[in-house]
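# Structural overview for review
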Amino acid sequence: QLVVNSGGAVYTVTGTNVTNFTANLMAAGASGAIIDVGVVNNRHLYAEDNSGRVFYSAPGIATTIEGFFTAERDPDLVAGLLVVGSNLIVFGRKKTEFWSMSAA
């Protein structure tokens with residue numbers, strides 16, 4: 001699934017349709033704009049602006065939001081995501097965290 005982030009909203013893109021599914025994130029508890037998107041272990045990740053939360057999708061289903069995670073030790077406002085293999089780098093406004101994601 002191709003997901004595009006633009007203007008704080010998220011969209012799935014197919015050969016014939018572009019569909020806004022930002023409401024799915026709001027229903028899961030997001031209250032800010034989505035500022036970045038990544039994919040690791042077949043889950044889409046959505047960084048929320050002005051929070052320390054990164055929402056995640058069900059495996060292989062970008063529009064089904066299962067929950068969110070935050071920094072474990074020292075919460076920071078998320079500024080962006082970078083996925084390298086099965087590793088996630090979460091850039092905060094003051095700190096950067098490295099997460100190694102399992103295949104679960």
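What you see is a predicted model; the values in this text were computed from it and never measured.

In this section: the overall build of the chain. Counting secondary structure elements, the chain contains one helix and ten strands. In the chain, the order of α-helices and β-strands from amino to carboxyl end is β-β-β-α-β-β-β-β-β-β-β. Computed over its C-alpha atoms, the radius of gyration of the chain comes to 13 Å, within 12% of the 13 Å expected for a compact globule of 104 residues. The dimensions of the chain, computed from C-alpha atoms along their principal axes, are 40 × 30 × 20 Å. Counting over 104 residues, the chain shows a buried share of 38%. Considering only residue pairs separated by 6 or more positions, the chain has 34% of its internal contacts joining residues 24 or more positions apart. Summing over all exposed atoms, the chain offers an accessible surface of approximately 5700 Å²; the carbon and sulfur share of this is 53%. For the chain, the separation between the mean place of its 6 positive charges and that of its 8 negative charges on side chains is 4 Å.

Here the focus is the sheet that holds strand S6 (residues 54–58). The antiparallel open sheet is built from four strands, whose spatial order is S4-S5-S6-S7. Two strands in the sheet have a free side with no partner beyond their single neighbour: strand S4 (34–40) and strand S7 (61–69). In this sheet, neighbouring strand axes are inclined to one another by 30 degrees on average, regardless of whether the strands run parallel or antiparallel. Summarising the sheet, strand S5 (residues 43–48) and S6 pair through three bridges and their orientation is antiparallel. Looking at S6, one finds that Leu-45 is bridged to Tyr-56.

For side chains of opposite charge, pairing can occur when their charged atoms come near one another. Under the defined criterion, the tally for this structure stands at three salt bridges. Between Arg-53 and Glu-48 there is a salt bridge, and its shortest N-O distance comes to 2.8 Å. We classify Glu-48 as buried; its relative accessible area is 1%. Two residues, Arg-93 and Asp-49, come together in a salt bridge whose shortest N-O distance is 2.9 Å.

The next point concerns a nonpolar patch on the surface. Residues Leu-82, Val-84 and Phe-91 make up a contiguous nonpolar surface patch of roughly 240 Å² in combined accessible area. Looking at the element boundaries, Phe-91 is found in strand S9 (residues 87–92). By relative accessible area, Phe-91 is classed as partly exposed at 33%.

For the rest of this paragraph, the subject is the sheet that holds S9. What the three strands build is an open sheet, ordered S8-S9-S10; its pairing is antiparallel. Whereas interior strands pair on both sides, the edge strands pair on one side only; in this sheet they are strand S8 (78–84) and strand S10 (96–100). Here the average twist between neighbouring strands, direction ignored, is 20 degrees. Relative to S9, S8 is paired through six bridges, and the arrangement is antiparallel. By the bridge assignment for S9, Leu-82 is matched with Ile-89.

Analysis parameters
Residues numbered from 1 in each chain as written. Predicted model: local features only at pLDDT ≥ 70, side-chain atom pairs only at ≥ 80, totals over all residues. Heavy atoms only, no water. Helix = DSSP H or I, 4+ residues; strand = E, 2+ residues; numbered from the N terminus. Rg over C-alpha atoms; globule rule 2.2 N^0.38 Å. Buried < 20%, exposed > 50% of the residue type's maximum accessible area, 1.4 Å probe, protein only. Contact = heavy atoms within 4.5 Å. Areas by Shrake-Rupley, 256 points an atom, 1.4 Å probe, with all protein chains shown as cover. Lys, Arg positive; Asp, Glu negative; His and termini not counted. Charge placed at Lys NZ, Arg CZ, Asp CG, Glu CD. Pairing = 2+ DSSP bridges. Axes fitted to C-alpha atoms, helices over the stretch in contact; angles between N-to-C directions. Salt bridge = Lys/Arg side-chain N within 4 Å of Asp/Glu carboxyl O. Patch = residues over 30% accessible without salt bridge, like charges linked within 9 Å, V, L, I, M, F, W, Y side chains within 5 Å.

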